[in-house]
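These are the residues of each chain, in order.
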Amino acid sequence: MRNVRFGGPGGFIREVRLANTAVADEYPFALPVVRWLGGSGGLALPPGVTFLVGENGAGKSTLLEAIAVAAGFNPEGGSRNFRFATRASESSLGDHLVLRWGVTKPRTGFFLRAESYYNVASEIERLDSTPDGGPPLLTAYGGVSAHERSHGESFLDLVTHRFGPNGLYLLDEPEAALSVRGCMAVLARLAELADRGCQILVATHSPILLALPGATICEIADDGHLGRVDFDDALPVRLTRGFLSNPDRFLRHLFTED
Ligand SMILES: Nc1ncnc2c1ncn2[C@@H]1O[C@H](COP(=O)(O)OP(=O)(O)O)[C@@H](O)[C@H]1O
Ligand SMILES: [Mg+2]
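What you are looking at is a predicted structure, and each value in this text was computed from that prediction instead of being measured.

Novice: Pulling in residues and values, what's your account of the overall build of the chain?
Specialist: Within the chain one finds nine helices and nine strands. In the chain, which comprises 258 residues, the share counted as buried stands at 45%. Taking all contacts inside the chain whose residues are at least 6 apart in sequence as the whole, residues at least 24 apart take part in 78%.

Novice: Please provide a residue-by-residue account of the nonpolar core, values included.
Specialist: Membership of the largest hydrophobic core comes to 32 residues, with the highest contact counts inside it found for Val 16, Ile 67 and Leu 226. Counting only elements with at least two residues in this core, the list comes to strand S1 (13–18), helix H1 (32–40), helix H2 (60–70), strand S4 (97–101), strand S6 (167–172), strand S7 (199–203) and strand S8 (216–220). For this core, the element with the highest residue contribution is H2, accounting for five residues. Here Val 16 is in contact with Leu 37, Gly 42, Leu 43, Leu 45, Ile 67, Leu 97, Val 98 and Leu 99, once residues within four sequence places are set aside. Core analysis: the next-biggest nonpolar cluster, separate from the first, contains 29 residues, Leu 178, Leu 187, Cys 198 and Leu 210 among them.

Novice: Now, about the pattern of salt bridges: what can you tell me, with residues and values included?
Specialist: Per the counting criterion, the structure on display carries five salt bridges. Ionic pairing is found between Glu 65 and Arg 113, a salt bridge with its closest N-O pair at 2.3 Å. With Glu 65 in helix H2 and Arg 113 in the loop between strand S5 (108–112) and helix H3 (118–128), this residue pair connects regions lying 48 residues apart in the sequence. Side by side, Glu 65 and Arg 113 carry an identical accessibility label, which is buried. Glu 192 is the partner of Arg 189 in a salt bridge, and the nearest nitrogen-oxygen pair spans 2.5 Å. Separated by three residues within a single helix, Arg 189 and Glu 192 lie in helix H6 (residues 180–195), roughly one turn from each other.

Novice: Run through the site of ligand 1, naming residues and quoting values.
Specialist: Looking at ligand 1, the residues that line it are Tyr 27, Leu 31, Glu 55, Asn 56, Gly 57, Ala 58, Gly 59, Lys 60, Ser 61 and Thr 62. The separation between an oxygen atom of ligand 1 and a polar main-chain atom of Gly 57 is 2.7 Å. A distance of 2.5 Å separates an oxygen atom of ligand 1 from a polar side-chain atom of Thr 62. Within the complex, 56% of the 560 Å² of free accessible area of ligand 1 lies under protein.

Novice: An account of the sheet that holds S1 is needed here, citing residue identities and associated values.
Specialist: If you trace the three strands from one edge of the open sheet to the other, you get S2-S1-S4, paired in antiparallel fashion. In the strand order of this sheet, the two ends are held by strand S2 (43–44) and S4, each with one partner. Here S1 pairs with S4 via five bridges, running antiparallel. Pairing of Val 16 across the sheet is with Leu 99, part of S4. Here H1 sits on the sheet and contacts S1, S2 and S4; the angle it forms with S1, its principal contact strand, is near 105 degrees.

Novice: Please provide a residue-by-residue account of unusual backbone geometry, values included.
Specialist: Here Tyr 27 and Pro 28 are connected by a cis peptide whose omega angle stands at 5 degrees. Relative to the helices and strands, Pro 28 resides in the loop between S1 and H1. Despite not being glycine, Asn 166 has its phi angle at roughly 55 degrees, a positive value. Tracing the sequence through the fold places Asn 166 in the loop between helix H5 (145–162) and S6. Even without being a glycine, Glu 173 presents a positive backbone phi close to 45 degrees. Within the element layout of this structure, Glu 173 appears in the loop between S6 and H6.

Novice: Could you give an account of the environment of Pro 207, with specific residues and numbers?
Specialist: Tracing the chain through its elements places Pro 207 in helix H7 (residues 207–210). Remark: the alpha-carbon pair of Pro 207 and Val 237, spanning 30 residues in sequence, is separated by 5.0 Å. Discounting residues that sit within four places of it in the chain, Pro 207 has contacts with Phe 231, Pro 236, Val 237 and Thr 240.

Calculation rules
Residues numbered from 1 in each chain as written. Chains lettered and ligands numbered in written order. Predicted model: local features only at pLDDT ≥ 70, side-chain atom pairs only at ≥ 80, totals over all residues. Heavy atoms only, no water. Helix = DSSP H or I, 4+ residues; strand = E, 2+ residues; numbered from the N terminus. Buried < 20%, exposed > 50% of the residue type's maximum accessible area, 1.4 Å probe, protein only. Contact = heavy atoms within 4.5 Å. Core = buried A, V, L, I, M, F, W, Y, C linked by side-chain atoms within 4.5 Å. Salt bridge = Lys/Arg side-chain N within 4 Å of Asp/Glu carboxyl O. Near = heavy atom within 4 Å. Polar contact = N/O pair within 3.5 Å; in protein donor to acceptor, adjacent residues only side chain to side chain. Areas by Shrake-Rupley, 256 points an atom, 1.4 Å probe, with all protein chains shown as cover. Pairing = 2+ DSSP bridges. Axes fitted to C-alpha atoms, helices over the stretch in contact; angles between N-to-C directions.

Set out below in structure tokens:
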């Protein structure tokens with residue numbers, strides 16, 4: 001099952017390299033994975049779906065966002081036509097990445113940021129920074145969980161209806177919005193999109209998404225090394241499998257530390 005081949009041409013971005021103009025010693029250039037990229041000569045991106053895994057803080061979002069910027073997407077997310085900007089938190093790494101493109105260009109595309117309510121939050125911040133004497137809007141948005149279900153549904157709508165063939169899609173932790181069943185639905189849709197000529201790069205912690213047959217999994221190690229791993233060896237799969245096979249063992253360990 002796992003050796004299913006994607007049928008479409010895909011492969012819009014063939015390789016991601018760090019330009020030798022990138023020499024700064026601070027974020028994002030000091031991140032181990034960015035140093036690795038500089039020293040390795042480049043990251044080859046195959047057609048179809050590539051997952052990026054690694055611990056929190058490994059640099060997945062930094063790298064994904066930089067690739068999105070280098071590919072011409074708005075750093076805050078959306079399609080390549082989106083040009084709004086609410087704040088400048090994006091790293092300048094994108095300006096120092098060199099993408100090697102294949103012969104065909106994507107017909108469409110979308111960049112989804114991990115910070116699902118990013119633009120809403122930015123707008124709230126903007127309104128709150130304008131003194132109007134009223135209570136902070138942010139407080140009224142405290143009930144974020146009330147929106148979570150619709151967030152998941154709207155994400156499923158996005159991948160089902162807005163995403164189409166021969167597209168380039170960059171997704172940062174899409175599982176943040178999704179139930180287990182929702183992850184399975186997205187898994188099936190990603191397989192379909194890959195089969196229809198899409199290239200999709202996904203930063204994820206979801207062992208369910210990682211099970212996508214034929215996908216490539218790239219893992220960022222603690223020292224920044226970025227290498228391919230099999231499904232069974234991928235960090236989220238190993239940890240989740242270990243935990244679920246014996247939660248008590250992990251819980252005892254977690255609660256007796258400190
Ligand atoms: N704007 C920023 N300025 C400085 N450090 C940052 C910034 N954004 C992220 N970082 C740091 O860079 C590291 C990688 O972050 P990120 O790419 O978000 O990791 P991941 O997505 O893998 O969890 C983290 O340690 C984070 O704190
Ligand atoms: Mg992230």
